[in-house]
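A structural walkthrough
Residues per chain, in single letters:
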Amino acid sequence: MKIALIAPPYPLEEIPSPPLGLTYIAAVCEAVGAEVIIMDYIVRGYSPAKLQEELNAFDPDIVGTNCVTMNFKQAAAIIGIVKQTNPDIITLMGGPHVSFDSKNTLALYPQIDIIVKGEGEATVTQLLGVIHSREKWHTVRGIVFKDNGRIIATGRRPFIQDLDALPLPARHLLPMARYQALGYPVSIITSRGCPNQCIFCLGRRMVGHKVRFRSPQQIADEIEELISRGSCFINIADDLFTASKQRVKELCHELVKRKLNVSWSAFSRVNTIDAQTLKLMKSAGCHSVSFGIESGNPEMLKRVKKGVTVAQAKKASIACREAGIRGHASFIVGLPGETRETMKDSLILQKELEIESAYHFLAPFPGTAVRENIADYDLEILTHDWDQYNANRSIVKTAGLSPEQMDAFVHDAGEQNRKDWEALKVKYENKTATPYEQMQVGGFYRMEMIFKLLSQDILEQNCVFHTDSDTALKELCRRISAIAAQDQGFTEFTIKDLITKGYIQMEYSQGKTRFFWMHHSQQNPAH
């Protein structure tokens, strides 16, 4: 059985991690003996022609993809191309969007054969055993499909209780060197489940309200494996890493005991953290913690069932400073009942917290209480174009605010940061920046260049030169410099660094020099 799993394009500006959910599914497919590839179009250029070419080369029996709301339409279009290439391929789709909009999805996109709802590993394992016997699909809980024009939902599958029983994510199938070149962290999970009831979030419905924990030993084993393959920056993607302080303590002690050289971040809540826990996390390699504050207005926090207070937010920010950990506060604009006054309250709190912060716009995703019970709230959703659900501009209005007013508020709130950044870039160009400032701006330009290298397949299109290595490298950098609109010297420094680190390989043979990204099969523990 040959299975191709596809990671659809996702904006690199959103700093995507290697696709964790897809690598878990890949691992369970491999565990039942399937031949599996991951076609990752997050860090590679995408086109329908390229997809067809790669499908024809592998000739899969099954193609699966997953997505969130903002890249759902592109994922569905990809499945359409799969069916055009070979109508006999069985197509699967998973992820939060289709889990909660499965019937609409199947009605509008007949190219999708099966939707896998929620937590997918156990469902996919059972499904693969009967996938070529369509009449047996009815026996697999946790899927939705069409049968003679009728949409069949097979019912809910219980959550996986023993997370340690899952195989580790099949990251060996990913082009990890490309993510490492960007400097992005690798995501892991240490638990699943969220006990909270925020009306704008899907966490509780996707992974359950009861938190299930992986063992500290298995987590540390996975981190050791990542370090051995060159990934020392990790993001713990749990909905609530600090759901149990005792478990945090046990994991941190395990990481400290093994003396792992790793830097990691995590998501927390302001009512589940304190300076002592943060200090322990820092000793184990944690450098930053993100909090969903959402609003500075106490009534708003109650309305959205956040379950935290303004006082707790202030206390958590003080604890971060005391522990020497970077705190990050996230605020949402456009929650039900938003007014100029509630936004002003958020702005006041943002300044009082004195930690890094950012505003996002409410995106009422399928499956969220705010969308499903919209009549209960002072809120109007203005578009059902899923491409607009990226939290970068307002797509709702309230009785007191138009989307334009919300957009203007967020724009004005970020004005000083934009001015500071432009001033920093001027200092960088004038060579008056401090070493730290040089690193900030230079790092941004480097990442911008690598974005283009990856998303436009620049290296693939400029990979062979009929000359010696030194001349070839200079010519490659000249071309990249022109495409990326960067200084030649900066380009040469960046590309040489990527070659030194092994992310880009350079090979000379019989008068030809070839450049290529390191393939996953070349990435071994000796790296």
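Description of the structure in this document. In this text the structure is predicted, and so the values were computed from the model without any measurement.

Parameters at a glance
Residues numbered from 1 in each chain as written. Predicted model: local features only at pLDDT ≥ 70, side-chain atom pairs only at ≥ 80, totals over all residues. Heavy atoms only, no water. Helix = DSSP H or I, 4+ residues; strand = E, 2+ residues; numbered from the N terminus. Expected span 1.5 Å × (residues − 1). Buried < 20%, exposed > 50% of the residue type's maximum accessible area, 1.4 Å probe, protein only. Contact = heavy atoms within 4.5 Å. Pairing = 2+ DSSP bridges. Right-handed = clockwise from strand over helix to strand, strands pointing away. Salt bridge = Lys/Arg side-chain N within 4 Å of Asp/Glu carboxyl O. Polar contact = N/O pair within 3.5 Å; in protein donor to acceptor, adjacent residues only side chain to side chain. Axes fitted to C-alpha atoms, helices over the stretch in contact; angles between N-to-C directions. Phe/Tyr/Trp six-rings, centres within 6.5 Å; stacked < 30°, edge-to-face > 60°. Disulfide = S-S within 2.5 Å.

Looking at helix 3 (residues 72-85)
Along its 14 residues, helix 3 runs 20 Å from first to last C-alpha, staying within 8% of the 20 Å computed at 1.5 Å per residue. All of the buried residues in helix 3 are F72, A75, A76, I78, I79, G80, I81, V82 and K83. Its buried side turned inward, helix 3 meets strand 1 (2-7), helix 2 (48-58), strand 3 (62-66), strand 4 (90-94), helix 4 (96-100) and helix 5 (102-108).

A closer look at the pairing of strand 11 (residues 233-236)
As defined by bridge partners, strand 8 (residues 186-188) adjoins strand 11 across three bridges and the pair is classed as parallel. Paired with S187 across the two strands is N235, which belongs to strand 11. Following the backbone out of strand 11, through helix 10 (residues 245-258) and into the adjacent parallel strand 12 (residues 263-268), one traces a crossover that is right-handed.

Quick notes on the side chain of T65
Within the secondary structure, T65 sits in strand 3. A residue is classified by how much of its surface remains accessible, and T65, at 3% relative accessible area, is buried.

Some remarks on the pattern of salt bridges
For the coordinates displayed, the defined rule picks out 35 salt bridges. In this structure, E460 and R178 form a salt bridge, with 2.8 Å as the shortest nitrogen-oxygen distance. Remark: R178 occurs in helix 7 (residues 176-182) and E460 occurs in helix 19 (residues 458-461); sequence separation between them is 282 residues. Taking relative accessible area as the criterion, R178 reaches 7% and is therefore assigned buried. Between E225 and R229 there is a salt bridge; the shortest N-O distance is 2.5 Å. Owing to a relative accessible area of 35%, E225 belongs among the partly exposed residues under this scheme. Exposure remark for R229: the relative accessible area of 28% places this residue in the partly exposed category. Via salt bridges that share partners, D221, E224, E254, K257 and R258 belong to a single interconnected network.

Quick look at the side chain of S317
By the element assignment, S317 lies in helix 13 (residues 310-323). For S317, the side chain forms a polar contact with the main-chain oxygen of K314, separated by 2.8 Å. Among all residues touching S317, those that are not within four sequence positions of it are L353 and I355.

Concerning the sheet that holds strand 8
The strands that make up a sheet are held in pairs by hydrogen bonds between backbone atoms, and each pair lies either parallel or antiparallel. In spatial order, the strands read 8-11-12-13-14-15; together these six strands make up an open sheet with parallel pairing. Across the chains shown, the open sheet's two edge strands, defined by having one partner strand only, are strand 8 and strand 15 (356-361). Between one strand axis and the next, the sheet turns through 25 degrees on average, direction left out of account.

What to know about the sheet that holds strand 6 (residues 143-147)
Strand order across the open sheet formed by seven strands is 2-1-3-4-5-6-7, with mixed pairing between neighbours. A single partner strand is all that each edge strand has here, and the edge strands are strand 2 (35-40) and strand 7 (150-153). The mean angle between the axes of side-by-side strands here comes to 20 degrees, regardless of whether they run parallel or antiparallel. Here strand 1 pairs with strand 2 via six bridges, running parallel. Bridging across to strand 2, A7 finds its partner in D40.

Concerning the packing of aromatic side chains
In the structure shown here, the tally under the stated rule is 13 aromatic pairs. Ring centres 5.2 Å apart and planes at 90 degrees place the aromatic pair F72 and Y109 in the edge-to-face group. With F72 in helix 3 and Y109 in the loop between helix 5 and strand 5 (114-116), the pair connects residues that are 37 residues apart, well separated along the chain. Taking the relative accessible area as the measure of exposure, F72 reaches 2% and is therefore buried.

What about the state of the cysteines?
Summed over all chains, the structure comprises zero disulfides. Here C232 is not cross-linked by a disulfide; its sulfur's nearest cysteine counterpart is in C286, at 16 Å. A disulfide-free cysteine, C320 has its sulfur positioned 8.7 Å from the sulfur of C286, the nearest such atom. On the basis of relative accessible area, C320 is assigned to the buried category, the value being 0%.

Points about the environment of G414
For G414, the position within the fold is in the loop between helix 16 (403-413) and helix 17 (415-429). When the C-alpha positions of G414 and A358 are compared, they lie 8.4 Å apart, and in sequence the two are 56 residues distant.

Here's the deal with unusual backbone geometry
A positive phi angle, near 50 degrees, is found at I15, a position not held by glycine. Assignment of secondary structure puts I15 in the loop between strand 1 and helix 1 (20-31). Residue Q510 is not a glycine yet carries a positive backbone phi of 50 degrees. Inspection of the secondary structure puts Q510 in the loop between strand 19 (504-509) and strand 20 (512-517). Look at Q510 and you get exposed, because its relative accessible area is 79%.

Some thoughts on the pairing of strand 13 (residues 286-294)
Two elements, strand 12 and strand 13, share five bridges in a ladder whose sense is parallel. Its bridge partner being in strand 13, W264 is matched across the sheet by C286. Note that the unit made of strand 12, helix 11 (residues 275-283) and strand 13 has a crossover that is right-handed. Summarising the sheet, strand 13 and strand 14 (residues 326-333) pair through six bridges and their orientation is parallel. Each bridged residue has a counterpart across the sheet, and for F291 the counterpart in strand 14 is A329.

Bear in mind that shape data such as this cannot, by itself, settle questions of function.
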